[in-house]
Amino acid sequence: MKILFYSSKDFEIPFLKNANTKNQELDFIPEALTSESALKATGYSAISIFSGDDASSLVLEKLWALGVRYITLRSAGYNNVNLIAAKNYGFKVANAPDYSPYAIAEHATALLLALNRKIVTANAQVKAYNFIQDNLMGFNVRGKTVGLIGTGSIGAAMASIMNGFGCTILAYDIAPNYELETAYNLKYKSLDQLCSASDIISLHIPLTEDNHYLINKERIALMKKNVIIVNTARGAHVNTIAIIEALENKQIAGYCTDVYEKEAGTFFKDFSSEELKDEALKKLLSLPNVLLTPHQGYMTHEALQHIAELTFENLNAWKEHEISKNEL
């Protein structure tokens with residue numbers, strides 16, 4: 001099979017090449033999949049895309065006309081793919097599930113600790129030879145109530161970590177994993193109960209139509225004023241404008257996130273020498289109680305290796321006219 005990798009990044013290409021044990025024909029381009037860049041797939045039977053690529057119905061129509069029949073995602077999430085349209089056309093689509101739950105959960109923990117203990121501020125101060133401690137107050141995570149929205153593989157990993165910190169753990173999930181209650185002394189609650197009782201809220205769910213803007217003005221109103229919200233799931237789970245207003249009005253204490261609801265066209269690009277046009281993002285970044293990273297939670301050696309292996313697990317199965325266990 002001849003395969004085109006969209007949104008290819010220099011740091012991931014060696015992992016992908018090493019995982020190509022069947023010597024399939026690979027090409028890599030940095031461009032994201034869009035309606036315009038779909039034409040670059042001419043002559044390819046398979047493509048690989050990332051979470052920010054556009055696999056909407058219009059794009060899929062173009063890909064099908066070009067002869068593309070297989071799409072493998074280098075991500076666990078697949079909300080960027082119109083699966084109904086893909087099925088109607090006849091595409092085979094697969095993702096990279098559970099590639100490294102601890103990579104994401106550990107990044108969520110790092111964000112929480114860095115924001116709470118003012119690590120970024122402290123680092124900037126001491127590099128300017130300012131060793132004053134006055135604005136570096138945080139709180140002990142031990143003994144706090146942590147609310148986990150989503151208890152799949154990543155949520156379960158986060159439960160393990162927070163249990164190790166000595167936290168009380170509440171959880172919400174439409175499909176509860178009751179084994180976690182025994183393993184980590186976790187208790188399932190309604191979403192509103194979780195929001196009102198938690199000192200820390202961490203999101204670990206896939207994006208669907210039902211949970212778009214799950215964290216909104218109404219739910220924020222239920223939360224404690226000292227709550228820190230952690231989002232390493234998808235940006236559109238959180239209403240950015242509502243979060244900004246809550247932070248400015250001191251309704252919540254902090255927001256740390258690895259994702260943003262309008263990543264397309266901004267994330268994975270360098271705007272350091274030009275003007276950023278997204279006013280909501282600029283406002284979010286200007287707030288002192290916000291910590292944002294550029295969707296890097298998956299960036300560990302172990303995670304990238306496993307993503308590459310799962311990607312070629314899908315491609316190799318299709319090459320042999322078999323069904324991949326990761327098909328959606």
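To be clear, the structure that these remarks concern was listed above.
These numbers were taken from a predicted model, which means no experiment stands behind them.

Draft legend 1. Examining the nonpolar core more closely. Counting 31 residues, the largest nonpolar core has I149, I215, M223, I243 and I252 as its most contacted members. Listing elements by their share of this core, those giving two or more residues are helix 8 (191-197), strand 9 (200-203), helix 10 (240-248), helix 11 (279-286) and strand 12 (290-292). Among the elements that take part in this core, helix 10 stands out by supplying 5 residues, more than any other. Each residue touching I215, except ones within four places of it in the same chain, is listed here: I149, L203, I220, M223, I229, H237, V238, N239 and I243. One finds L112, I161, M162 and Y184 within the second-largest nonpolar core, a separate group that totals 27 residues.

Draft legend 2. Local environment of the packing of aromatic side chains. Within the structure shown, the criterion is met by 11 aromatic pairs. With 5.1 Å between their ring centres and 75 degrees between their planes, W64 and F91 make a pair best called edge-to-face. In this pair, W64 is assigned in helix 2 (residues 57-66) and F91 in the loop between helix 3 (83-89) and strand 5 (92-94), connecting sequence segments 27 residues apart. Among the residues examined, W64 registers a relative accessible area of 24% and is labelled partly exposed. Exposure remark for F91: the relative accessible area of 7% places this residue in the buried category. Three or more aromatic residues link up through ring pairs in this structure, and these residues are F50, Y260, F267, F268 and Y298. Above the ring of Y44, the side-chain terminus of K2 is found at 4.8 Å from the ring centroid.

Draft legend 3. Just the packing of helix 4 (residues 101-116) against helix 6 (residues 153-164), in detail. Following both chains from N to C, one finds helix 4 and helix 6 inclined at 50 degrees, their axes separated by 8 Å at the closest point. If you check the angle between helix 4 and helix 6, you find them oblique. Between helix 4 and helix 6 lies a crossing of right-handed hand. Residues P101, Y102, I104, A105, E106, A108, T109 and L112 of helix 4 form the contact with helix 6, whose participating residues are S153, I154, A157, M158, S160, I161 and M162. Class assignment for the residues of the contact of helix 4 with helix 6 results in 11 nonpolar, 3 polar and 1 charged.

Draft legend 4. Spatial organisation of the pattern of salt bridges. Applying the stated rule across the entire model yields 8 salt bridges. One salt bridge connects R219 with D192, and the closest N-O pair in it is separated by 3.2 Å. Of this pair, R219 sits in helix 9 (residues 217-222) while D192 is found in helix 8, placing the two residues 27 residues apart along the sequence. Its relative accessible area of 39% is what places D192 among the partly exposed residues. Of the charged contacts in the structure, one is a salt bridge between K224 and D199, with a shortest N-O distance of 3.0 Å. Of this pair, K224 sits in the loop between helix 9 and strand 10 (228-231) while D199 sits in the loop between helix 8 and strand 9; the two residues are 25 residues apart in sequence, bridging distant segments of the chain. If you follow the salt bridges from partner to partner, you end up with E275, E279 and K282 in one network.

Draft legend 5. Fine view of a nonpolar patch on the surface. Taken together, the side chains of V126, Y129 and F131 present a nonpolar region at the surface, about 390 Å² in accessible area. Tracing the sequence through the fold places F131 in the loop between helix 5 (119-127) and strand 6 (145-149). The exposure class assigned to F131 is exposed, which follows from its relative accessible area of 62%.

Draft legend 6. Region of interest: helix 6. Helix length check: helix 6 (12 residues) gives 17 Å between terminal C-alpha atoms against 16 Å at 1.5 Å per residue, within 8%. Buried within helix 6 we find G155, A156, A157, M158, A159, I161 and M162. The secondary structure elements touched by the buried residues of helix 6 are helix 4, strand 6, strand 7 (168-172), helix 7 (179-184), strand 8 (186-188) and strand 9.

Draft legend 7. Fine view of unusual backbone geometry. A positive phi is found at D98, a non-glycine position, where the angle reads about 50 degrees. For D98, the position within the fold is in the loop between strand 5 and helix 4. Here N185, not a glycine, exhibits a phi torsion of approximately 55 degrees, which is positive.

Draft legend 8. Quick peek at the sheet that holds strand 5. Strands sit in the order 2-1-3-4-5 across an open sheet of 5 strands; the sheet is parallel. Single-partner strands in this sheet number two, and they are strand 2 (25-28) and strand 5. Averaged over neighbouring strand pairs, the angle between their axes works out to 20 degrees when direction is ignored. Note that strand 4 (residues 70-73) and strand 5 share 3 bridges and pair parallel. From the neighbouring strand, I71 faces strand 5, where its bridge partner is V93. Running at roughly 165 degrees to strand 4, helix 12 (residues 301-319) makes contact with strand 1 (2-5), strand 2, strand 3 (46-49), strand 4 and strand 5 of the sheet.

Parameters and conventions
Residues numbered from 1 in each chain as written. Predicted model: local features only at pLDDT ≥ 70, side-chain atom pairs only at ≥ 80, totals over all residues. Heavy atoms only, no water. Core = buried A, V, L, I, M, F, W, Y, C linked by side-chain atoms within 4.5 Å. Buried < 20%, exposed > 50% of the residue type's maximum accessible area, 1.4 Å probe, protein only. Helix = DSSP H or I, 4+ residues; strand = E, 2+ residues; numbered from the N terminus. Contact = heavy atoms within 4.5 Å. Phe/Tyr/Trp six-rings, centres within 6.5 Å; stacked < 30°, edge-to-face > 60°. Lys NZ or Arg CZ within 6 Å of the ring centre and 35° of its normal. Axes fitted to C-alpha atoms, helices over the stretch in contact; angles between N-to-C directions. Parallel < 35°, antiparallel > 145°, perpendicular 65-115°, else oblique. Left-handed = near helix turned anticlockwise from the far one by under 90°. Nonpolar A, V, L, I, M, F, W, Y, C, P; charged D, E, K, R; others polar. Salt bridge = Lys/Arg side-chain N within 4 Å of Asp/Glu carboxyl O. Patch = residues over 30% accessible without salt bridge, like charges linked within 9 Å, V, L, I, M, F, W, Y side chains within 5 Å. Areas by Shrake-Rupley, 256 points an atom, 1.4 Å probe, with all protein chains shown as cover. Expected span 1.5 Å × (residues − 1). Pairing = 2+ DSSP bridges.

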